[in-house]
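# Structural features, examined
Here is how the chains run, residue by residue.
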Amino acid sequence: MAIDPQPEATVPAGGPGAALPAEPEGGSAGYGPWRLALRRFLRNRVAVAFLILFALIVLFVLAAPLWADHVAHTGPNETHTLQKLHVGDEVREVVTPEGKPIGPQLFAADGKFFLGADSRLGRDEMVRLMYGGRTSLFIGVVSGLITTILAVVLGLLAGYYRGWVDSVISRALDVLWSLPVLLFGIAIGTSLALGGVTIGPIHIEGGSIWVPILIISIFYTPYVARPIRGEVLSLGEKEFVEAAIAQGAGPLRVMFGEILPNLASTIIVFFALNIANNMLFEAALSFLGAGVQPPNSSWGTMISVGEELLTTQPLLAIIPGLMIMLTVLSLNIVGDGLRDALDPRSKIRFEAHTGTAEPEGAAV
Amino acid sequence: MLRFIARRLVGMAFVLFIVSILVFLIFNVIPNSPPAQRLAGKNARPFLVKSIEKEWGFDQSLPEQYVTMMKKVFNGELIQYSPRVPVDDRIKEGIPATLSLSIGAGIIWLFFGLLLGYISAIKAGGWLDRTITGLAVAGISIPVFLLAPVLIYFLTFKLEIFPNGGYVGWTEDPWEWLKHLILPWFTLAVLSIGFYSRVLRSNMLDVMNEDYVRTARAKGLSERQVMTRHVLRNSLIPIITLFGLDFGATIAGTAIITEVLYNIDGIGFYAAESINKLELPPIMGITLYGAFFVVFVNALVDIAYAYLDPRVRLGASASQ
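Chains are numbered independently. Their residues run from 1 in the order of the written sequence. Whichever chain is written first becomes A and whichever ligand is written first becomes 1, with later ones labelled in order. For this predicted model, a pLDDT threshold of at least 70 governs which residues receive local features, and a threshold of 80 or more governs which side-chain atom pairs are given and counted, while totals over whole chains, interfaces and linings are taken from all residues.

### Quick notes on the overall build of chain A
Each helix is a run of DSSP H or I of at least 4 residues and each strand a run of E of at least 2, with the numbering of both proceeding from the N terminus. Within chain A, the regular secondary structure consists of twelve helices and four strands. Any residue with 12 or fewer other C-beta atoms within 10 Å of its own C-beta is exposed, any with 20 or more is buried, and the rest are partly exposed; the C-beta atoms used are placed from the backbone. A buried classification covers 49% of the 364 residues belonging to chain A. Here contacts are defined at the residue level, using C-beta atoms placed from the backbone and a cut-off of 7 Å between them. Of the contacts formed within chain A by residues at least 6 apart in sequence, a portion of 67% connects residues at least 24 apart.

The following block contains the structure:
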């Protein structure tokens, strides 16, 4: 199982606005909580460095069509099995008669086959890496969005109405949480591989990337919804909620107008961590053949293709794996940095361990 | 305690029922292509589809179909259609490999996770702590997809220390068994080593702030006794829960990828093979058994937790 966003990650009730400790340096009294959080985040050099790394990865995959059209002159799914590559005066085969693909050429052939060819099909590995990254990131981000929306709505309903609404939603989330995610992902992925599925007006084709998106976003909802529900439960007892109800605000107004803004920091932190987990899950599904379907590439499918040539062209499996690791690592570190910045109390708790602050400050 | 166990077992039965319904929905009800066609496989001949339709009762009502499916699963009549082999036989063949892999990895990650977490906690803030924390973050972030190819390439192909994948039975040759499994064990364990050391560290640091630790120190116990008897023991309770859950999840999921990467002919390998051939009956069987196993382990873990930490069961019955 990947790194769960554990409930311990929960931002304490009140969100960034509540219980801000005095800043170490003076002169910050006039700033709002977001401004303070930003300052705290920027002071965390490691987190900023990894945020930049993540931004670079996003730029890298967004540049896929540029590289494909202007440098590699080929698409991600175009095969070049029988073609020859002119490198200076030399002529090299893209795929040898024994089926061995060409190795990394870097700029020897003007950027064509920069990382070599992917398999006996002779597709440009670099182009596939960029397009595959697009797919992986897209799936990660979109599933993250869907998970967040589902989790926030369910968490708000359960935490605000309590009683039987809470029981039903919590039980359902518990069941979902206790299922082996990967097995059910595989089950749904393979079951939908032929024929796809129709939900109301939406039709999803068997090989579409919306199948993994659907699977991932549903199965990761409990991990986000349960802490959010807990937070809504405690927020619901705060004076500002009573005040809003006394002013005649309806349930929707209270939930989305009063409570939701106080969840913002939790949601942001979970969103970053969630994308990382989604990408790992996508890679696992695609690696096993139950996620992104060929000929389309994702980092997971590229590893499973590359693994077969591990003896001769090890980079084919290692580079996509490295990309996944860098992306997941940067998202996790940025997520942790955001948590430290948005939730000053977790900072106090951390300092309490090293003995520089009173432990009572962290007692909830 | 008995009351807690009874309540937990009823809850487990309920979840098992839901799981079976979900599996039924996924394989038999999802609209758009006839389920018999899906079960028969990619290029099935029409008469096979016809016979499956009859066998599984797809012309009958949904509750009847559900009963047929569950009967098939529990009587071991689930069959993969090309070639025709009972699914249960293949799963049984895979159990030793999967268990060897998961149990070995579990022991390794528990040992190293606890060791590193303990050192990290008693040296909190020092360079050793920071080094371990850094390693733990790296370990958590290395996906098995990266770790396995790197290990295989360098240690198997370049240095030729380890055999190239595969599985040798424990009874056939214990030494070969060990040699074949060391890399897969570590591949599977690295993530959890990082995670457990982090969890134990933060648990221990939380416990260190408890009053009873201050009392123990005030009594004049040595620092070592305070750490092992009071802090470590109380920090281990959540770890035991976590280990139970993770171990269940490893057997029914995470081990699949490791098995595929190292060609270990276990249940996960069988699942992956079935995915590539789009054979649904094995996947149905493995999903159902795997989910049952996980739900069962979760219930056991809860009961063990309640036994170890009386606050849980007392809180549960007090709230009734």
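Back to the text.
### Points about the overall build of chain B
Each helix and strand counted, chain B has 13 helices and two strands in total. Each principal axis of the C-alpha atoms in chain B carries an extent, and together these give about 80 × 60 × 35 Å. Split into buried and exposed, the 320 residues of chain B put 40% on the buried side. Long-range contacts, defined as pairs at least 24 residues apart, comprise 71% of the intrachain contacts of chain B with a sequence gap of at least 6.

### Description of the pairing of strand E1 (residues 84-87) of chain A
All names here are of chain A. At least two bridges found by DSSP between two strands is the condition for calling them paired. Of the strand pairs in this sheet, E1 and strand E2 (residues 90-93) are connected by four bridges, and their pairing is antiparallel. The residue of E2 that forms the bridge with Val87 is Glu90. Here E1 folds back onto E2 in antiparallel fashion, the turn holding two residues, of which Gly88 has a positive phi close to 60°.

### Here we look at the interface of chain B and chain A
Listed by partner, the interface residues are 50 residues for chain B and 47 residues for chain A. Elements supplying a minimum of two residues to the side of chain B that touches chain A: helix H1 (2-29), helix H6 (127-141), helix H7 (144-158), helix H8 (174-208), helix H10 (223-261), helix H11 (267-277) and helix H12 (280-308) of chain B. Just so you know the grouping, Ala, Val, Leu, Ile, Met, Phe, Trp, Tyr, Cys and Pro go in nonpolar, Asp, Glu, Lys and Arg go in charged, and all remaining residues, Gly too, go in polar. Residue classes in the side of chain B that touches chain A are distributed as 37 nonpolar, eleven polar and two charged.

### Section: the packing of helix H4 (residues 125-161) of chain A against helix H9 (residues 251-288) of chain A
Residue and element names in this part refer to chain A. Direction vectors running N to C along H4 and H9 enclose 145°, while the axes themselves pass 7 Å from each other. Both H4 and H9 take part in a crossing whose hand is right-handed. When its residues are assigned to classes, the contact of H4 with H9 shows 15 nonpolar, eight polar and one charged. Working convention: axes come from line fits to C-alpha atoms, limited for helices to the stretch in contact. Angles between N-to-C directions cover 0 to 180 degrees. Should the near helix be turned counterclockwise from the far one by less than a right angle, the crossing is left-handed, whereas a clockwise turn marks it as right-handed.

### Section: the environment of Leu156 of chain A
Residue and element names in this part refer to chain A. Here Leu156 is to be found in helix H4. Leu156 sits in the buried class, given 25 other C-beta atoms within 10 Å. Residue contacts for Leu156: discarding those within four places in its chain leaves Val232, Met255, Ile259 and Leu260.

### Section: the environment of Ala283 of chain A
Examined against the element boundaries, Ala283 of chain A turns out to sit in helix H9. Ala283 of chain A sits in the buried class, given 33 other C-beta atoms within 10 Å. For the pair Ala283 of chain A and Glu90 of chain A, spaced 193 residues apart in the sequence, the C-alpha separation amounts to 38 Å. With residues near it in sequence (within four places) discarded, Ala283 of chain A still touches Ser136, Trp299, Gly300 and Ile324 of chain A together with Pro143 and Phe145 of chain B.

### Notes on the confidence of the model for chain B
All names here are of chain B. Of the residues in chain B, 95% have a pLDDT of 70 or more, and the chain-wide mean is 85. Confidence of the prediction at every residue is given by pLDDT, a number between 0 and 100. Per-element confidence in chain B ranges from a low mean pLDDT of 61 for helix H13 (residues 310-318) to a high of 91 for helix H5 (residues 87-122). Confidence drops under a pLDDT of 50 for residues 316-320, and excluding neighbours within four residues, the segment shows three contacts in the predicted structure. Our summary of model confidence lists the complex with pTM equal to 0.84 and ipTM equal to 0.85.

### With respect to the nonpolar core
To count as a nonpolar core, a set of buried Ala, Val, Leu, Ile, Met, Phe, Trp, Tyr and Cys residues must be joined through C-beta atoms within 7 Å. Ile186, Ala284, Leu288 and Val334 of chain A together with Ala271 of chain B are the most contacted members of the largest nonpolar core, which totals 178 residues. If you tally residues by element for this core, the top one is H9 of chain A, at 20 residues. Look past the residues within four positions of Ala271 of chain B in its chain and what remains in contact with it is Ile186 of chain A together with Ile256, Pro282, Ile283 and Ile286 of chain B.

### Things to note about the packing of helix H2 (residues 45-62) of chain A against helix H11 (residues 315-342) of chain A
Residues and elements named next belong to chain A. With their axes 8 Å apart at the nearest point, H2 and H11 run at an angle of 140° to one another. Between H2 and H11, the angle falls in the class oblique. Crossing angle aside, the handedness with which H2 passes H11 is left-handed. Side by side, H2 and H11 meet where Val46, Ala47, Phe50, Leu51, Leu53, Phe54 and Ile57 of the first sit next to Leu326, Thr327, Ser330, Leu331, Ile333, Val334 and Gly337 of the second. Small angles under 35 degrees read as roughly parallel and large ones over 145 as roughly antiparallel, with 65 to 115 read as roughly perpendicular and the rest as oblique.

### Focus: H11 of chain B
Most of H11 of chain B sits inside the fold, with eight of its eleven residues counted as buried. When we look at burial in H11 of chain B, the residues that qualify are Ile267, Gly268, Phe269, Tyr270, Ala271, Ala272, Ser274 and Ile275 of chain B. Where the residues of H11 of chain B are buried, they touch helix H6 (181-193) and H9 of chain A together with H5, H10 and H12 of chain B. Directly after H11 of chain B, the chain includes Leu278 of chain B, whose backbone phi takes a positive value near 55°.

### Quick word on unusual backbone geometry
Keep in mind that most residues, glycine aside, have a negative phi and that most peptide bonds are trans. Here the residue pair Pro294 of chain A and Pro295 of chain A is connected by a cis peptide bond, since its omega of 5° sits within 30 degrees of zero. Its place among the elements puts Pro295 of chain A in the loop between H9 and helix H10 (299-306). The phi dihedral of Asn263 of chain B is positive, around 55°, even though this residue is not glycine. As for its position among the elements, Asn263 of chain B is in the loop between H10 and H11. Judged by the 13 C-beta atoms lying within 10 Å of it, Asn263 of chain B falls in the partly exposed class.

### Topic: the environment of Ser197 of chain B
Residue and element names in this part refer to chain B. Note on placement: Ser197 falls in helix H8. A C-alpha to C-alpha distance of 53 Å links Ser197 and Leu48, two positions 149 residues apart in sequence. The contacts of Ser197, once residues within four sequence positions are left out, are Gly113, Leu116, Gly117, Ser120, Ile132 and Ala136.

### Examining the confidence of the model for chain A
Residues and elements named next belong to chain A. Mean pLDDT over chain A works out to 80, with 86% of the residues at or above the 70 mark. Counting interchain partners and residues more than four positions distant, the pLDDT-below-50 stretch residues 1-26 has 57 contacts. Counted against residues more than four places away or in other chains, residues 347-364, with its pLDDT under 50, gives 20 contacts.

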